[in-house]
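Descriptive analysis of the structure
Spelled out, the chains give:
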Amino acid sequence: MRMRIGHGYDVHRLVEGRALILCGVTVPHTLGLLGHSDADVATHALMDALLGAAALGDIGRHFPDTDPAYEGADSLGLLDHVMALLASRGYAVGNVDVTIIAQRPKLKDFIPRMRKNLAQRLHVDEDCVNVKATTTEKLGFEGEQLGISAHAVACIVKA
Ligand code: MG
């Protein structure tokens, strides 16, 4: 099959004293995401979508959070590793779609930079990368600002 599709989902807790990094963009906010790496929840969901499309498992398998090598890791750097794995199996990215679920802060103004970051790392044009953000109308853990979640869908093709 030339074209394959994968889905990814991730959640990180919002805490004080951490940076809020989404798709490699540091977003000014009073809270940031807690995690072993930089906790870039959107990039994590995207990596799982890419690995899923290639049937290569998940990021927990490739980058265990018990490994000190990944402490504070730049998730865009991990995305480079995922892209190398895909390339070694003959895959290139077709397009991706990422949804970030956060009550606050408003992410609209940061989305162009997020798309640019991802397009560079995925080796595709920006029109192959969509990033969108939604609230949950104050419902659930995202709505109560306890955490941020992200979904991603990726289409990959045999080059
Ligand atoms: Mg994660």
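Here's a quick rundown of the structure. (Residues numbered from 1 in each chain as written. Predicted model: local features only at pLDDT ≥ 70, side-chain atom pairs only at ≥ 80, totals over all residues. Heavy atoms only, no water.)

1. Some words on the overall build of the protein
Counting its secondary structure elements, the protein contains five helices and seven strands. The C-alpha atoms of the protein give 15 Å as radius of gyration, which agrees with the globular expectation for 159 residues (15 Å, within 12%). Taking the principal axes of its C-alpha atoms as reference, the protein extends roughly 45 × 35 × 25 Å. Here the protein holds 159 residues, and 47% of them are scored as buried. In the protein, once contacts between residues fewer than 6 apart in sequence are set aside, the share between residues at least 24 apart is 71%. For the protein, the accessible surface area stands at approximately 7,900 Å², while carbon and sulfur atoms represent 53% of it. (Helix = DSSP H or I, 4+ residues; strand = E, 2+ residues; numbered from the N terminus. Rg over C-alpha atoms; globule rule 2.2 N^0.38 Å. Buried < 20%, exposed > 50% of the residue type's maximum accessible area, 1.4 Å probe, protein only. Contact = heavy atoms within 4.5 Å. Areas by Shrake-Rupley, 256 points an atom, 1.4 Å probe, with all protein chains shown as cover.)

2. Topic: unusual backbone geometry
Across the junction of R104 and P105, the peptide omega takes the value -5 degrees, indicating a cis bond. Mapped onto the elements, P105 comes out in the loop between β5 (91–101) and α4 (111–122). Positive phi, close to 65 degrees, is recorded for A39, a residue that is not glycine. Position of A39 relative to the elements: it lies in the loop between β4 (32–33) and α1 (41–53). A positive phi angle, close to 70 degrees, is found at K138, a residue other than glycine. Position of K138 among the secondary structure elements: in the loop between β6 (129–134) and α5 (140–143).

3. Describing the coordination of the magnesium ion
Within the protein, the atoms that donate to the magnesium ion are D10 (OD), H12 (NE2) and H44 (ND1), at distances of 2.0 to 2.3 Å. Linear spacing of the donor residues for the magnesium ion on their chain is D-x1-H-x31-H. Taken together, the residues H12 in strand β1 (residues 3–15) and H44 in helix α1 connect sequence positions 32 residues apart. Across the pair, exposure class does not vary: H12 and H44 are buried alike. (Donors = N, O, S within 2.8 Å, 3.2 Å for Na, K, Ca; no water.)

4. Considerations on the side chain of S37
Within the secondary structure layout, S37 lies in the loop between β4 and α1. Relative accessible area serves as the criterion here: at 8%, S37 is assigned to the buried category. A distance of 3.3 Å separates polar atoms of two side chains, one belonging to S37 and the other to H44. Residues within four places of S37 in sequence aside, it is in contact with R18, H44, Y70, G72, A73 and S75. (Polar contact = N/O pair within 3.5 Å; in protein donor to acceptor, adjacent residues only side chain to side chain.)

5. Examining the packing of helix α3 (residues 75–88) against α4
A pair of packed helices is characterised by two quantities: the angle between their axes and the separation of those axes. Closest axis-to-axis distance for the α3/α4 pair is 9 Å, and the angle between their directions is 35 degrees. Here α3 and α4 pass one another in a crossing that is right-handed. Counted together, L76, G77, L79, D80 and M83 of α3 and N117, L118, R121 and L122 of α4 form the full contact between these two elements. Across the contact of α3 with α4, the residue classes break down as five nonpolar, two polar and two charged. (Axes fitted to C-alpha atoms, helices over the stretch in contact; angles between N-to-C directions. Left-handed = near helix turned anticlockwise from the far one by under 90°. Nonpolar A, V, L, I, M, F, W, Y, C, P; charged D, E, K, R; others polar.)

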